[in-house]
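A structural walkthrough
One-letter residues, chain by chain:
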Amino acid sequence: MSDLTPPPTAAESPTVTRAQRAALNEDWLATAVGLLLVALVLTGVIPTGLVP
Amino acid sequence: MVATEEDLAPATAERPVRTWPWLVLGVFIVLVLGSVARFLEDTIPAAAEGTSLEKFAAAVEYPIYAIALGLIGNVIVYYAGLRERIADAVRTEFFIKTGLVLLGASINLSLIVKAAGPAILQAVLLISSVFLITWYLGGLLGLDEKLRALLSAAVSICGVSAAIAAAGAVRAKREQLAYAASLVIIFALPSIFLLPWLADVLGLSPAVAGAWIGGNIDTTAAVTAAGAIAGEQTLQIATIVKATQNALIGIVAVALTAYFAFKVEKDADAQRPGLRQLWDRFPKFVLGFIAASAIGTWYAGTVSAAEAKAHIGVINDLRTWFLILAFVSIGLQLRVSALREAGWRPVAVFGGATLANLAIGLGLASILFAGFTA
(Lines give C-alpha, C1' and ligand atoms only; values in the text may rest on other atoms or scores of the structure.)
Protein backbone atom coordinates (compact mmCIF):
# COMPACT_ATOMS: atom_id res chain seq x y z
CA MET A 1 0.00 0.00 0.00
CA SER A 2 2.88 2.31 0.67
CA ASP A 3 3.56 2.47 -3.08
CA LEU A 4 0.24 4.21 -3.50
CA THR A 5 1.01 6.88 -0.92
CA PRO A 6 1.58 10.20 -2.68
CA PRO A 7 4.93 11.89 -2.06
CA PRO A 8 4.90 14.53 0.69
CA THR A 9 3.97 17.99 -0.49
CA ALA A 10 5.43 21.26 0.69
CA ALA A 11 2.24 22.23 2.45
CA GLU A 12 2.27 18.96 4.39
CA SER A 13 6.02 18.51 4.76
CA PRO A 14 7.46 19.45 8.16
CA THR A 15 10.64 20.53 6.33
CA VAL A 16 8.83 23.20 4.30
CA THR A 17 6.55 24.20 7.17
CA ARG A 18 9.69 24.72 9.26
CA ALA A 19 11.20 26.83 6.47
CA GLN A 20 8.08 29.01 6.31
CA ARG A 21 7.96 29.43 10.08
CA ALA A 22 11.71 30.18 10.28
CA ALA A 23 11.39 32.87 7.58
CA LEU A 24 8.55 34.57 9.49
CA ASN A 25 10.36 34.40 12.84
CA GLU A 26 13.61 35.72 11.37
CA ASP A 27 11.67 38.62 9.82
CA TRP A 28 10.43 39.80 13.21
CA LEU A 29 13.69 39.02 15.00
CA ALA A 30 15.74 40.96 12.43
CA THR A 31 13.33 43.91 12.71
CA ALA A 32 13.57 43.91 16.52
CA VAL A 33 17.38 43.54 16.64
CA GLY A 34 17.92 46.14 13.92
CA LEU A 35 15.67 48.75 15.56
CA LEU A 36 17.14 48.00 19.00
CA LEU A 37 20.67 48.62 17.69
CA VAL A 38 19.54 51.88 16.05
CA ALA A 39 18.04 52.98 19.37
CA LEU A 40 21.17 52.01 21.34
CA VAL A 41 23.44 53.99 19.01
CA LEU A 42 21.22 57.08 18.87
CA THR A 43 20.85 57.16 22.67
CA GLY A 44 24.62 56.85 23.12
CA VAL A 45 24.60 53.40 24.78
CA ILE A 46 26.79 52.17 21.91
CA PRO A 47 29.34 55.00 21.67
CA THR A 48 31.24 56.21 18.64
CA GLY A 49 34.43 54.21 18.13
CA LEU A 50 33.18 51.04 19.83
CA VAL A 51 32.31 49.21 16.59
CA PRO A 52 35.47 48.23 14.66
CA MET B 1 17.08 35.50 -0.02
CA VAL B 2 18.62 32.33 1.24
CA ALA B 3 17.10 29.56 3.32
CA THR B 4 19.15 27.64 5.79
CA GLU B 5 20.48 24.14 5.29
CA GLU B 6 18.06 22.87 7.90
CA ASP B 7 15.13 24.49 6.21
CA LEU B 8 15.88 22.81 2.93
CA ALA B 9 17.80 19.65 3.71
CA PRO B 10 15.90 16.41 3.11
CA ALA B 11 14.53 14.96 6.34
CA THR B 12 16.75 11.91 6.55
CA ALA B 13 17.50 9.67 9.46
CA GLU B 14 21.24 10.35 9.01
CA ARG B 15 20.98 14.08 9.79
CA PRO B 16 23.63 14.76 12.47
CA VAL B 17 22.45 15.82 15.90
CA ARG B 18 22.84 19.57 16.47
CA THR B 19 23.44 20.73 20.00
CA TRP B 20 24.44 23.98 21.72
CA PRO B 21 28.20 23.29 21.46
CA TRP B 22 27.84 22.90 17.68
CA LEU B 23 25.79 26.09 17.51
CA VAL B 24 28.47 27.97 19.48
CA LEU B 25 31.18 26.54 17.22
CA GLY B 26 29.16 27.60 14.17
CA VAL B 27 28.71 31.15 15.46
CA PHE B 28 32.44 31.25 16.23
CA ILE B 29 33.32 30.12 12.68
CA VAL B 30 30.99 32.70 11.09
CA LEU B 31 32.37 35.48 13.34
CA VAL B 32 36.01 34.54 12.69
CA LEU B 33 35.47 34.46 8.91
CA GLY B 34 33.61 37.79 9.12
CA SER B 35 36.40 39.35 11.17
CA VAL B 36 39.01 38.18 8.66
CA ALA B 37 36.95 39.69 5.82
CA ARG B 38 36.73 43.02 7.69
CA PHE B 39 40.48 42.90 8.42
CA LEU B 40 41.34 42.20 4.77
CA GLU B 41 39.06 45.01 3.58
CA ASP B 42 40.83 47.44 5.93
CA THR B 43 44.43 46.38 5.37
CA ILE B 44 44.85 45.12 1.80
CA PRO B 45 44.21 48.45 -0.03
CA ALA B 46 46.77 50.17 2.23
CA ALA B 47 49.28 47.33 1.83
CA ALA B 48 48.92 47.38 -1.98
CA GLU B 49 49.47 51.15 -2.23
CA GLY B 50 52.27 51.98 -4.65
CA THR B 51 52.30 48.48 -6.16
CA SER B 52 50.89 47.24 -9.48
CA LEU B 53 47.92 45.78 -7.55
CA GLU B 54 46.88 49.13 -6.05
CA LYS B 55 43.85 49.72 -8.30
CA PHE B 56 42.69 46.11 -8.07
CA ALA B 57 43.01 46.04 -4.27
CA ALA B 58 41.09 49.31 -3.97
CA ALA B 59 38.27 47.92 -6.14
CA VAL B 60 37.78 44.74 -4.10
CA GLU B 61 35.01 45.47 -1.58
CA TYR B 62 34.07 43.56 1.58
CA PRO B 63 31.36 41.38 -0.06
CA ILE B 64 34.03 39.77 -2.23
CA TYR B 65 36.30 38.91 0.73
CA ALA B 66 33.32 37.69 2.75
CA ILE B 67 31.90 35.43 0.02
CA ALA B 68 35.33 34.06 -0.90
CA LEU B 69 36.12 33.29 2.76
CA GLY B 70 32.65 31.71 3.13
CA LEU B 71 33.32 29.44 0.14
CA ILE B 72 36.74 28.44 1.52
CA GLY B 73 35.12 27.82 4.91
CA ASN B 74 32.43 25.75 3.17
CA VAL B 75 35.04 23.38 1.75
CA ILE B 76 36.83 23.10 5.10
CA VAL B 77 33.71 22.41 7.21
CA TYR B 78 32.47 19.95 4.57
CA TYR B 79 35.66 17.87 4.73
CA ALA B 80 35.77 18.22 8.53
CA GLY B 81 32.25 16.76 8.67
CA LEU B 82 30.91 19.91 10.36
CA ARG B 83 28.69 21.46 7.69
CA GLU B 84 25.41 19.93 8.85
CA ARG B 85 26.26 20.28 12.54
CA ILE B 86 26.94 24.02 12.43
CA ALA B 87 24.10 24.82 10.01
CA ASP B 88 21.95 26.42 12.72
CA ALA B 89 24.55 29.18 13.12
CA VAL B 90 24.60 30.05 9.42
CA ARG B 91 21.60 32.43 9.41
CA THR B 92 21.89 34.34 6.15
CA GLU B 93 18.26 35.48 6.34
CA PHE B 94 18.61 36.95 9.82
CA PHE B 95 21.95 38.65 9.11
CA ILE B 96 20.83 40.22 5.83
CA LYS B 97 17.47 41.41 7.16
CA THR B 98 19.05 42.96 10.26
CA GLY B 99 21.65 44.61 8.00
CA LEU B 100 18.87 46.02 5.82
CA VAL B 101 16.94 47.40 8.80
CA LEU B 102 20.18 49.15 9.88
CA LEU B 103 20.67 50.39 6.30
CA GLY B 104 17.24 52.02 6.57
CA ALA B 105 18.58 54.41 9.24
CA SER B 106 21.00 55.98 6.74
CA ILE B 107 18.37 56.46 4.01
CA ASN B 108 16.33 59.64 4.16
CA LEU B 109 12.64 58.79 4.24
CA SER B 110 12.04 61.22 1.38
CA LEU B 111 14.23 59.03 -0.88
CA ILE B 112 12.06 56.00 -0.12
CA VAL B 113 8.92 58.03 -0.80
CA LYS B 114 10.40 59.45 -4.01
CA ALA B 115 11.59 56.07 -5.28
CA ALA B 116 8.45 54.20 -4.25
CA GLY B 117 6.47 55.14 -7.39
CA PRO B 118 8.95 53.93 -10.03
CA ALA B 119 9.98 51.01 -7.79
CA ILE B 120 6.41 49.73 -7.48
CA LEU B 121 5.76 50.21 -11.21
CA GLN B 122 9.01 48.42 -12.10
CA ALA B 123 8.28 45.60 -9.66
CA VAL B 124 4.77 45.01 -11.01
CA LEU B 125 5.87 45.05 -14.67
CA LEU B 126 9.04 43.01 -14.08
CA ILE B 127 7.41 40.38 -11.84
CA SER B 128 4.47 39.90 -14.24
CA SER B 129 6.56 39.65 -17.40
CA VAL B 130 9.38 37.51 -15.96
CA PHE B 131 6.93 35.22 -14.15
CA LEU B 132 5.00 34.58 -17.38
CA ILE B 133 8.18 34.08 -19.44
CA THR B 134 9.55 31.56 -16.91
CA TRP B 135 6.18 29.82 -16.77
CA TYR B 136 6.13 29.62 -20.59
CA LEU B 137 9.74 28.32 -20.79
CA GLY B 138 8.96 25.73 -18.10
CA GLY B 139 5.98 24.52 -20.12
CA LEU B 140 8.04 24.47 -23.31
CA LEU B 141 10.62 22.16 -21.70
CA GLY B 142 7.97 20.01 -20.02
CA LEU B 143 8.66 20.85 -16.37
CA ASP B 144 6.24 19.76 -13.66
CA GLU B 145 3.63 22.50 -13.01
CA LYS B 146 4.67 22.92 -9.38
CA LEU B 147 8.36 23.26 -10.21
CA ARG B 148 7.34 25.77 -12.92
CA ALA B 149 5.55 27.82 -10.25
CA LEU B 150 8.51 27.66 -7.86
CA LEU B 151 11.08 28.67 -10.49
CA SER B 152 8.81 31.42 -11.86
CA ALA B 153 8.32 32.90 -8.38
CA ALA B 154 12.02 32.57 -7.53
CA VAL B 155 13.29 34.29 -10.69
CA SER B 156 10.67 37.01 -10.84
CA ILE B 157 10.36 38.07 -7.18
CA CYS B 158 13.09 37.40 -4.66
CA GLY B 159 14.68 33.99 -4.80
CA VAL B 160 14.38 31.52 -1.96
CA SER B 161 11.79 33.44 0.08
CA ALA B 162 9.51 33.60 -2.94
CA ALA B 163 10.15 29.91 -3.65
CA ILE B 164 9.21 29.03 -0.05
CA ALA B 165 6.03 31.10 -0.32
CA ALA B 166 5.20 29.54 -3.70
CA ALA B 167 5.96 26.02 -2.40
CA GLY B 168 3.37 26.45 0.33
CA ALA B 169 0.89 27.95 -2.13
CA VAL B 170 1.09 25.19 -4.77
CA ARG B 171 1.85 22.31 -2.36
CA ALA B 172 5.15 21.50 -4.08
CA LYS B 173 7.39 18.61 -3.09
CA ARG B 174 10.14 19.48 -0.65
CA GLU B 175 12.77 18.25 -3.14
CA GLN B 176 11.47 20.81 -5.64
CA LEU B 177 11.91 23.58 -3.07
CA ALA B 178 15.45 22.48 -2.20
CA TYR B 179 16.27 22.37 -5.90
CA ALA B 180 14.81 25.82 -6.66
CA ALA B 181 16.74 27.26 -3.68
CA SER B 182 20.04 25.80 -4.94
CA LEU B 183 19.46 27.22 -8.42
CA VAL B 184 18.76 30.68 -6.97
CA ILE B 185 22.03 30.75 -5.02
CA ILE B 186 24.18 29.36 -7.83
CA PHE B 187 22.84 31.90 -10.34
CA ALA B 188 23.06 34.76 -7.84
CA LEU B 189 26.75 34.34 -7.03
CA PRO B 190 28.17 35.36 -10.45
CA SER B 191 25.55 38.12 -10.72
CA ILE B 192 27.04 39.81 -7.64
CA PHE B 193 30.19 40.58 -9.64
CA LEU B 194 28.79 40.66 -13.17
CA LEU B 195 26.04 43.25 -12.76
CA PRO B 196 28.11 46.02 -11.09
CA TRP B 197 30.74 45.49 -13.79
CA LEU B 198 28.15 45.60 -16.60
CA ALA B 199 26.52 48.69 -15.05
CA ASP B 200 29.93 50.36 -15.16
CA VAL B 201 30.63 49.24 -18.74
CA LEU B 202 27.19 50.46 -19.86
CA GLY B 203 27.73 53.78 -18.07
CA LEU B 204 24.50 53.52 -16.05
CA SER B 205 23.74 56.21 -13.47
CA PRO B 206 23.75 55.03 -9.81
CA ALA B 207 19.93 55.12 -9.71
CA VAL B 208 19.47 53.11 -12.93
CA ALA B 209 22.21 50.66 -11.89
CA GLY B 210 20.57 50.25 -8.47
CA ALA B 211 17.13 49.67 -9.99
CA TRP B 212 18.62 47.14 -12.45
CA ILE B 213 20.53 45.28 -9.74
CA GLY B 214 17.58 45.36 -7.32
CA GLY B 215 15.14 44.15 -9.96
CA ASN B 216 17.33 41.41 -11.35
CA ILE B 217 19.36 39.54 -8.78
CA ASP B 218 17.08 37.04 -7.10
CA THR B 219 18.29 36.93 -3.51
CA THR B 220 18.18 40.04 -1.33
CA ALA B 221 21.60 39.18 0.13
CA ALA B 222 23.15 39.07 -3.34
CA VAL B 223 21.42 42.35 -4.30
CA THR B 224 23.00 43.97 -1.26
CA ALA B 225 26.41 42.53 -2.09
CA ALA B 226 26.24 43.78 -5.70
CA GLY B 227 24.93 47.18 -4.56
CA ALA B 228 27.73 47.51 -2.02
CA ILE B 229 30.29 46.77 -4.74
CA ALA B 230 28.71 49.36 -7.06
CA GLY B 231 28.53 52.17 -4.48
CA GLU B 232 26.43 53.63 -1.66
CA GLN B 233 23.81 55.37 -3.81
CA THR B 234 23.39 52.30 -6.00
CA LEU B 235 23.02 50.18 -2.86
CA GLN B 236 20.27 52.44 -1.49
CA ILE B 237 18.17 52.36 -4.69
CA ALA B 238 18.81 48.61 -5.17
CA THR B 239 17.58 47.97 -1.61
CA ILE B 240 14.43 50.07 -2.05
CA VAL B 241 13.62 48.30 -5.33
CA LYS B 242 14.28 44.85 -3.83
CA ALA B 243 12.26 45.60 -0.70
CA THR B 244 9.37 46.62 -2.98
CA GLN B 245 9.60 43.28 -4.81
CA ASN B 246 9.77 41.46 -1.47
CA ALA B 247 6.58 43.17 -0.38
CA LEU B 248 4.75 41.75 -3.40
CA ILE B 249 5.46 38.11 -2.44
CA GLY B 250 2.13 37.89 -0.63
CA ILE B 251 0.11 38.91 -3.67
CA VAL B 252 1.82 36.33 -5.91
CA ALA B 253 1.48 33.60 -3.23
CA VAL B 254 -2.23 34.29 -2.86
CA ALA B 255 -2.71 34.30 -6.67
CA LEU B 256 -0.82 30.99 -6.96
CA THR B 257 -2.85 29.42 -4.15
CA ALA B 258 -6.07 30.34 -5.91
CA TYR B 259 -4.81 29.27 -9.36
CA PHE B 260 -3.60 25.84 -8.22
CA ALA B 261 -6.65 25.19 -6.04
CA PHE B 262 -9.28 26.13 -8.60
CA LYS B 263 -7.59 25.63 -12.00
CA VAL B 264 -4.88 22.97 -11.67
CA GLU B 265 -6.20 20.72 -8.89
CA LYS B 266 -9.85 21.80 -9.39
CA ASP B 267 -10.60 21.46 -5.68
CA ALA B 268 -14.23 22.56 -5.24
CA ASP B 269 -13.85 22.63 -1.44
CA ALA B 270 -10.76 24.86 -1.43
CA GLN B 271 -11.05 28.04 0.65
CA ARG B 272 -10.54 31.36 -1.05
CA PRO B 273 -7.26 32.97 0.15
CA GLY B 274 -7.83 36.20 2.05
CA LEU B 275 -6.18 39.22 3.60
CA ARG B 276 -4.84 37.10 6.46
CA GLN B 277 -2.68 35.12 4.01
CA LEU B 278 -1.45 38.38 2.43
CA TRP B 279 -0.29 39.60 5.85
CA ASP B 280 1.28 36.22 6.72
CA ARG B 281 3.40 36.35 3.54
CA PHE B 282 4.39 39.99 3.92
CA PRO B 283 8.12 40.31 4.76
CA LYS B 284 7.99 42.12 8.11
CA PHE B 285 11.60 43.38 7.95
CA VAL B 286 10.42 45.85 5.25
CA LEU B 287 8.46 47.57 8.05
CA GLY B 288 11.66 47.67 10.14
CA PHE B 289 13.55 49.16 7.18
CA ILE B 290 10.97 51.95 6.77
CA ALA B 291 10.77 52.53 10.56
CA ALA B 292 14.58 52.84 10.79
CA SER B 293 14.54 55.32 7.90
CA ALA B 294 11.86 57.39 9.66
CA ILE B 295 13.85 57.35 12.94
CA GLY B 296 17.13 58.24 11.16
CA THR B 297 15.46 61.08 9.22
CA TRP B 298 13.83 62.46 12.38
CA TYR B 299 17.12 62.19 14.32
CA ALA B 300 19.12 63.96 11.61
CA GLY B 301 16.64 66.84 11.80
CA THR B 302 16.87 67.24 15.58
CA VAL B 303 20.63 67.16 16.29
CA SER B 304 23.64 68.90 14.77
CA ALA B 305 24.93 67.62 11.41
CA ALA B 306 28.20 66.46 13.02
CA GLU B 307 26.42 64.48 15.73
CA ALA B 308 24.02 62.90 13.27
CA LYS B 309 26.91 61.96 10.95
CA ALA B 310 28.88 60.36 13.81
CA HIS B 311 25.94 58.30 15.10
CA ILE B 312 24.71 57.23 11.64
CA GLY B 313 28.35 56.26 10.95
CA VAL B 314 28.26 53.83 13.90
CA ILE B 315 24.98 52.37 12.57
CA ASN B 316 26.63 51.99 9.15
CA ASP B 317 29.55 50.12 10.76
CA LEU B 318 27.08 47.76 12.46
CA ARG B 319 25.28 47.34 9.12
CA THR B 320 28.56 46.42 7.41
CA TRP B 321 29.19 43.77 10.07
CA PHE B 322 25.79 42.16 9.60
CA LEU B 323 26.16 42.22 5.81
CA ILE B 324 29.64 40.65 6.08
CA LEU B 325 28.18 37.86 8.24
CA ALA B 326 25.41 37.37 5.65
CA PHE B 327 27.89 37.14 2.77
CA VAL B 328 30.09 34.70 4.71
CA SER B 329 26.93 32.64 5.28
CA ILE B 330 26.11 32.63 1.56
CA GLY B 331 29.50 31.08 0.87
CA LEU B 332 29.11 28.59 3.72
CA GLN B 333 25.67 27.46 2.49
CA LEU B 334 26.40 26.87 -1.19
CA ARG B 335 25.59 23.33 -2.35
CA VAL B 336 25.91 22.13 -5.90
CA SER B 337 24.79 18.52 -5.39
CA ALA B 338 21.08 19.34 -5.79
CA LEU B 339 21.69 20.60 -9.32
CA ARG B 340 23.19 17.32 -10.51
CA GLU B 341 20.11 15.46 -9.32
CA ALA B 342 17.50 17.42 -11.28
CA GLY B 343 19.00 17.45 -14.81
CA TRP B 344 19.51 20.19 -17.36
CA ARG B 345 15.94 21.33 -18.16
CA PRO B 346 15.25 23.35 -14.99
CA VAL B 347 18.73 24.89 -15.33
CA ALA B 348 17.91 25.88 -18.93
CA VAL B 349 14.57 27.39 -17.84
CA PHE B 350 16.22 29.32 -15.00
CA GLY B 351 19.06 30.51 -17.25
CA GLY B 352 16.69 31.62 -20.02
CA ALA B 353 14.44 33.41 -17.55
CA THR B 354 17.44 35.14 -15.95
CA LEU B 355 18.53 36.47 -19.36
CA ALA B 356 14.99 37.75 -20.02
CA ASN B 357 14.98 39.32 -16.55
CA LEU B 358 18.27 41.08 -17.32
CA ALA B 359 17.03 42.54 -20.61
CA ILE B 360 13.55 43.59 -19.42
CA GLY B 361 14.96 44.89 -16.12
CA LEU B 362 17.53 47.03 -17.90
CA GLY B 363 14.85 48.51 -20.16
CA LEU B 364 12.46 49.26 -17.29
CA ALA B 365 15.18 50.67 -15.01
CA SER B 366 16.49 52.92 -17.81
CA ILE B 367 13.01 54.31 -18.46
CA LEU B 368 11.60 54.54 -14.93
CA PHE B 369 14.76 55.77 -13.17
CA ALA B 370 16.09 58.04 -15.95
CA GLY B 371 17.07 61.37 -14.41
CA PHE B 372 16.32 60.10 -10.88
CA THR B 373 18.40 61.85 -8.24
CA ALA B 374 18.50 61.39 -4.48
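Within every chain, residues take consecutive numbers counted from 1 along the sequence as written. Lettering of chains starts at A and numbering of ligands starts at 1, both following the order in which they are written. Per-residue local features are limited, in this predicted model, to residues with pLDDT of at least 70; the limit for side-chain atom pairs, both in listing and counting, is 80 or more; totals at the level of whole chains, interfaces and linings are taken over all residues.

1. Regarding the overall build of chain A
- Helix and strand content of chain A: one helix and zero strands.
- Residue burial in chain A is summarised as follows: out of 52 residues, 31% are buried. Think of it this way: any DSSP run of H or I at least four residues long counts as a helix, any run of E at least two long counts as a strand, and we number them from the N terminus. Comment: burial labels come from other C-beta atoms within 10 Å of the residue's own C-beta, placed from the backbone, where a count of 20 or more is buried, 12 or fewer is exposed, and between is partly exposed.

2. A look at the overall build of chain B
- Within chain B, the secondary structure is distributed over 17 helices and zero strands.
- The quantity called the radius of gyration is restricted to C-alpha atoms. Its globule counterpart is 2.2 Å times the number of residues to the power 0.38. Relative to the globule expectation of 21 Å for 374 residues, the C-alpha radius of gyration of chain B, 21 Å, shows essentially globular dimensions.
- Along the first, second and third principal axes, the C-alpha atoms of chain B reach 65 × 50 × 40 Å.
- Once C-beta atoms are placed from the backbone, any two residues with those atoms within 7 Å are in contact. Long-range pairs, those at least 24 residues apart, make up 83% of the contacts in chain B between residues at least 6 apart in sequence.

3. What about the nonpolar core?
Residue and element names in this part refer to chain B.
- A set of buried Ala, Val, Leu, Ile, Met, Phe, Trp, Tyr and Cys residues, joined to one another through C-beta atoms within 7 Å, is what we call a nonpolar core. Judged by nonpolar contacts, the single largest core of 128 residues is most densely connected at Leu150, Ala163 and Ala166.
- With 18 residues, helix H7 (residues 145–170) is the largest single contributor of residues to this core.
- Counting contributing residues, this core receives three or more from each of domain 1 (14–90) and domain 2 (92–368).
- Every residue in contact with Leu150, bar those within four places of it in the chain, is listed here: Ala163, Ala166, Ala167, Ala172, Gln176, Leu177 and Ala180. Note that domain bounds follow an automatic or database assignment of domains.

4. A short note on the domain arrangement of chain B
Residue and element names in this part refer to chain B.
- Each domain of chain B was delimited in the assignment, giving domain 1 (14–90) and domain 2 (92–368).
- Computed over C-alpha atoms only, the centres of domain 1 and domain 2 are separated by 24 Å.
- Of all the secondary-structure elements, those providing two or more residues to the side of domain 1 that touches domain 2 are helix H2 (20–47) and helix H4 (62–79).
- Of the residues forming the side of domain 1 that touches domain 2, the biggest block, ten residues, is contributed by H4.
- Any residue outside Ala, Val, Leu, Ile, Met, Phe, Trp, Tyr, Cys, Pro, Asp, Glu, Lys and Arg is labelled polar, Gly included; the first ten of those are nonpolar and the last four are charged. Classifying every residue of the side of domain 1 that touches domain 2 gives eleven nonpolar, four polar and two charged.

5. Here we look at the packing of helix H6 (residues 109–140) of chain B against helix H17 (residues 344–368) of chain B
All names here are of chain B.
- Where H6 contacts H17, the axes come no closer than 9 Å and their chain directions differ by 155°. On the basis of their axis angle, the class for H6 and H17 is roughly antiparallel. Here H6 runs over H17; the crossing is right-handed. On the side of H6, the interface is formed by Pro118, Leu121, Gln122, Leu125, Leu126, Ser129, Val130, Ile133, Thr134, Leu137 and Gly138, while H17 contributes Val349, Gly352, Ala353, Ala356, Asn357, Ile360, Gly361, Leu364, Ala365 and Leu368.
- Of the residues contributing to the contact of H6 with H17, the split by class is 14 nonpolar, seven polar and no charged. Helix axes are fitted only over the stretch in contact, all axes being lines through C-alpha atoms; the angle between N-to-C directions runs from 0 to 180 degrees. To sort the angles, those under 35 degrees are grouped as roughly parallel, those over 145 as roughly antiparallel, those from 65 to 115 as roughly perpendicular, and the leftovers as oblique. Two helices that cross are described as forming a left-handed crossing if the nearer one is turned anticlockwise from the farther one by less than a right angle, and a right-handed crossing if clockwise.

6. Digging into the confidence of the model for chain B
Residues and elements named next belong to chain B.
- Confidence of the predictor at the level of single residues is captured by pLDDT, which takes values from 0 to 100. Of the residues in chain B, 91% reach a pLDDT of 70 or more, and the chain-wide mean stands at 85.
- Per-element confidence in chain B is highest for helix H9 (residues 206–216), whose mean pLDDT is 94, and lowest for helix H1 (residues 5–8), whose mean pLDDT is 40.
- The low-confidence segment residues 1–14, where pLDDT is below 50, has 44 contacts with residues more than four positions distant or belonging to other chains.
- Our summary of model confidence lists the complex with pTM equal to 0.77 and ipTM equal to 0.76.

7. Here's the deal with H6(B)
Residues and elements named next belong to chain B.
- Each helix should span, by expectation, one fewer than its residue count multiplied by 1.5 Å. For H6, which comprises 32 residues, the first-to-last C-alpha distance of 44 Å matches the rise-based estimate of 46 Å (1.5 Å per residue) to within 8%.
- Two axes define the bend at a residue: one fitted to the seven residues ending there, one fitted to the seven starting there, and the bend is the angle between them. Along its length, H6 shows its largest kink, about 45°, at Ala116, and proline Pro118 lies within four residues downstream of that point.
- Phi for Gly142, located one or two positions after H6, is positive at around 70°.

8. As for the environment of Leu235(B)
All names here are of chain B.
- Here Leu235 lies in helix H11 (residues 232–247).
- The exposure class of Leu235 is buried, given the 26 C-beta atoms found within 10 Å.
- For the pair Leu235 and Gly214, spaced 21 residues apart in the sequence, the C-alpha separation amounts to 8.5 Å.
- Leave out the neighbours within four places in its chain, and Leu235 touches Gly210, Thr224, Gly227, Ala228 and Ala230.

9. With respect to the environment of Thr244(B)
All names here are of chain B.
- Inspection of the secondary structure puts Thr244 in helix H11.
- Sequence separation between Thr244 and Gln122 is 122 residues; the distance between their C-alpha atoms is 9.3 Å.
- Excluding its chain neighbours within four sequence positions, the residues that come into contact with Thr244 are Ala119, Ile120 and Ala123.

10. Some remarks on H2(B)
Residue and element names in this part refer to chain B.
- Given a rise of 1.5 Å per residue, 28 residues ought to cover 40 Å, and the 39 Å separating the end C-alpha atoms of H2 matches this to within 8%.
- Maximum bend of H2: about 25°, positioned at Leu40.
- Buried within H2 we find Gly26, Ile29, Val30, Leu33, Gly34 and Ala37.
- On its buried side, H2 packs onto H4 and helix H15 (305–333).

11. Things to note about the packing of H6(B) against H11(B)
Residues and elements named next belong to chain B.
- Two numbers describe how H6 lies on H11: the axes approach to 8 Å, and their chain directions differ by 55°. Comparing the axis directions of H6 and H11 gives the class oblique. You can see that H6 and H11 cross each other, and the crossing is right-handed. Seen from H6, the contacting residues are Leu111, Ile112, Ala115, Ala119, Ile120, Gln122, Ala123 and Ile127; seen from H11, they are Gln236, Ile237, Ile240, Val241, Thr244 and Gln245.
- The class makeup of the residues in the contact of H6 with H11 is ten nonpolar, four polar and no charged.

12. Section: the environment of Val328(B)
Residue and element names in this part refer to chain B.
- With respect to the secondary-structure elements, Val328 resides in helix H15.
- For Val328, a count of 32 C-beta atoms within 10 Å gives the class buried.
- The residues contacting Val328, other than those within four sequence positions of it, are Val30, Leu33, Gly34, Ala37, Ala66, Leu69 and Gly70.

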